[in-house]
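Each chain is listed here by its residues.
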Amino acid sequence: MQKIILVFAFVLSASMLSAQTPEKAKALLDEVYNKVKSYDNIFVDFKFDLKNAEAGINQETRGDVTLAGDKYVFNYLGSKQLYDGKKVYTIVPENEEVTIEDQSNEEDAMTPSKMLTFYKQGHNYEWDILQNVQGRKIQYVKLTPIDSNTEIKSRLLGIDMGTKHIYRLIETGKNGTKTTITVNSFKTNQPLSATLFNFDEAKYKDDGYYILRN
């Protein structure tokens, strides 16, 4: 009888803990979100890792992004993407080409302006593992998209518990692709040029760039 009571108590406490984890995870993400939104601007230097064993894909590179509100400048794979709050400008020096288009309205699209806030809606939350990374406590929260039609299976968001900044994002697709973004440097409230988010079309035309409008 005592064993049965102990087993019952264990199952009950486990189920209570399981019921608390979504609220606990959401509370942590709300804390991270509020901290991110309190900054005037953010600069993130990151490592990008893309793997799909079945397709033979193993790509690793680095990039950086400067964000101020919804505006951003994103440097990645030798290209620059700029969003001035109205249009997205993708500048590819190798091809001497600039593409001008509207910002994507797709809920699943991981744009730079959503990089640090995408988790705010559209997911179920679950408290996951705690890792020690060079003395830093990184708490992971598992995010599962509410929309079952999405191509994303799950996302793991690693939070530095000391700073309440995002340290790592691990995204797993239903096709087996795993994308990992690891933050190397996270700086806030940096002095920015007044023209940082402005696109000078005349300059690129003078430099011989082809301007494509979608």
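Preceding this section is the structure that the text describes.
The model shown is predicted, which means the values in this text are computed figures rather than measured ones.

*Asks:* I'd like a description of the sheet that holds strand β12 (residues 210-213), backed by residues and values.
*Replies:* One open sheet accounts for 12 strands, arranged β7-β8-β9-β10-β11-β1-β2-β3-β4-β5-β6-β12; its pairing is mixed. For this open sheet the edge positions go to β7 (123-133) and β12, each flanked by a neighbour on one side alone. Ignoring which end each strand starts from, the neighbouring axes of this sheet average 20° apart. Bridging between β7 and strand β8 (residues 136-145) involves 9 bridges; their strand directions are antiparallel. Looking across to β8, one finds that glutamate 126 is bridged to lysine 142.

*Asks:* Outline the pairing of β8, listing residues and values.
*Replies:* Between β7 and β8, which pair antiparallel in sequence order, lie 2 residues; one of them, glutamine 134, sits at a positive phi of approximately 50°. Across 6 bridges, the pairing between β8 and strand β9 (residues 152-160) is antiparallel. The residue bridging isoleucine 138 from the neighbouring strand is aspartate 160, located in β9. Connecting β8 to the next strand, β9, in antiparallel fashion are 6 residues.

*Asks:* Which residues make up the pattern of salt bridges, and what values go with them?
*Replies:* For the structure shown, the criterion picks out 10 salt bridges. For arginine 136, the salt bridge identified is with aspartate 160, shortest N-O distance 2.8 Å. On the criterion of sequence distance, the pair formed by arginine 136 in strand β8 and aspartate 160 in strand β9 is long-range, its members being 24 residues apart. A relative accessible area of 35% places arginine 136 in the partly exposed class. Using a relative accessible area of 6% as the deciding quantity, one classes aspartate 160 as buried.

Cut-offs used in this document
- Residues numbered from 1 in each chain as written.
- Predicted model: local features only at pLDDT ≥ 70, side-chain atom pairs only at ≥ 80, totals over all residues.
- Heavy atoms only, no water.
- Pairing = 2+ DSSP bridges.
- Helix = DSSP H or I, 4+ residues; strand = E, 2+ residues; numbered from the N terminus.
- Axes fitted to C-alpha atoms, helices over the stretch in contact; angles between N-to-C directions.
- Salt bridge = Lys/Arg side-chain N within 4 Å of Asp/Glu carboxyl O.
- Buried < 20%, exposed > 50% of the residue type's maximum accessible area, 1.4 Å probe, protein only.

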